Amino acid sequence: MLKGEMKQDQAAAATELGYVFTFLLGVLLLSMFSVWAWDIENSTRTRWNEQALEENLREVAAAVERADAASRLDANSFYAEPVLLRAIHSDVSALTLILDDSELTLIDDRGIYTDAVSISGASSTVHSGEVNLGKSLKVWVIYDDGEVIITHIGPQSK
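Small disclaimer: the values here were computed from a predicted structure and weren't measured.

A separate point is a nonpolar patch on the surface. Together, Leu17, Val20, Phe21, Phe23, Leu24 and Val27 make up a nonpolar patch on the protein surface, roughly 600 Å² of accessible area in all. According to the relative accessible area criterion, Phe21 is exposed, its value standing at 55%.

A few words now on the pairing of strand 3 (residues 103–108). Look at any regular strand and the pattern is simple: side chains alternate between the two faces of the sheet. Of the strand pairs in this sheet, strand 2 (residues 95–99) and strand 3 are connected by five bridges, and their pairing is antiparallel. Within strand 3, the position partnered with Leu95 by the bridge is Asp108. Relative to strand 4 (residues 114–118), strand 3 is paired through five bridges, and the arrangement is antiparallel. Its bridge partner being in strand 4, Thr105 is matched across the sheet by Ala116.

Spatial ordering of the open sheet is given by 1-6-7-5-2-3-4, a layout of seven strands whose pairing is mixed. Looking at strand neighbours, the two that pair on one side only are strand 1 (79–84) and strand 4, the edges of this open sheet. Put simply, the sheet's adjacent strands are angled 10° from each other on average, direction ignored. Here strand 1 runs beside strand 6 (residues 138–144); their pairing, made up of six bridges, is antiparallel. Paired with Tyr79 across the bridge in strand 6 is Tyr143.

What follows deals with the confidence of the model for the protein chain. Reading fine detail from the predicted coordinates is not recommended where pLDDT is low. Predicted confidence across the protein chain gives a mean pLDDT of 87, with 95% of residues reaching 70 or more. Element-level pLDDT for the protein chain is lowest in strand 4, with a mean of 88, against a maximum mean of 94 in strand 1.

What follows is about unusual backbone geometry. Phi is positive for Asp145, which is not a glycine, with a value near 55°. Here Asp145 lies in the loop between strand 6 and strand 7 (147–151). Residue Asp145 is classed as exposed on the basis of its relative accessible area, which comes to 71%.

Per the stated rule, a full pass over the model turns up four salt bridges. Across the salt bridge formed by Glu41 and Arg45, the nearest N and O atoms sit 2.3 Å from each other. Here the residue Glu41 and the residue Arg45 both occupy positions in helix 1 (residues 10–73), the gap between them amounting to four residues, near one helical turn. Glu81 is the partner of Arg66 in a salt bridge, and the nearest nitrogen-oxygen pair spans 2.6 Å. Linking Arg66 in helix 1 with Glu81 in strand 1, this pair joins segments that are 15 residues apart in sequence.

Quick notes on the rules
- Residues numbered from 1 in each chain as written.
- Predicted model: local features only at pLDDT ≥ 70, side-chain atom pairs only at ≥ 80, totals over all residues.
- Heavy atoms only, no water.
- Patch = residues over 30% accessible without salt bridge, like charges linked within 9 Å, V, L, I, M, F, W, Y side chains within 5 Å.
- Areas by Shrake-Rupley, 256 points an atom, 1.4 Å probe, with all protein chains shown as cover.
- Salt bridge = Lys/Arg side-chain N within 4 Å of Asp/Glu carboxyl O.
- Buried < 20%, exposed > 50% of the residue type's maximum accessible area, 1.4 Å probe, protein only.
- Pairing = 2+ DSSP bridges.
- Helix = DSSP H or I, 4+ residues; strand = E, 2+ residues; numbered from the N terminus.
- Axes fitted to C-alpha atoms, helices over the stretch in contact; angles between N-to-C directions.
- pLDDT = per-residue confidence, 0-100.

Pasting the structure below:
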């Protein structure tokens, strides 16, 4: 039978510690990369949301300007235009569009997004309306009887 002797082998223990530290370094680097990638994704989503909301606001304001132009052509005319809004990755039920005689305003109940676009006011029409964007992805701009309104409900047939 073989008789073995126990040796104090320091090289094997150092190699094993090297494996453990290499593994921990890999875990650390992967964790840092995943946090970095998550931050880039969130920043991109936030930027895209802001751009989509700005475009939505400008498209509705342009439709209001077109309704004003229709009112100047004939005061007894009727004009209705649907504006399809771009989808965003945010809680749209907290977003509200408010139209008054001087501007179209986007208000966020959470205080994240707030923006306004001036309306030219080149016509004598009255501007009004309030639309919660959580109800529909379509905003109607309607001119009827001297008033331009925004609503999420389409016009009734005349």
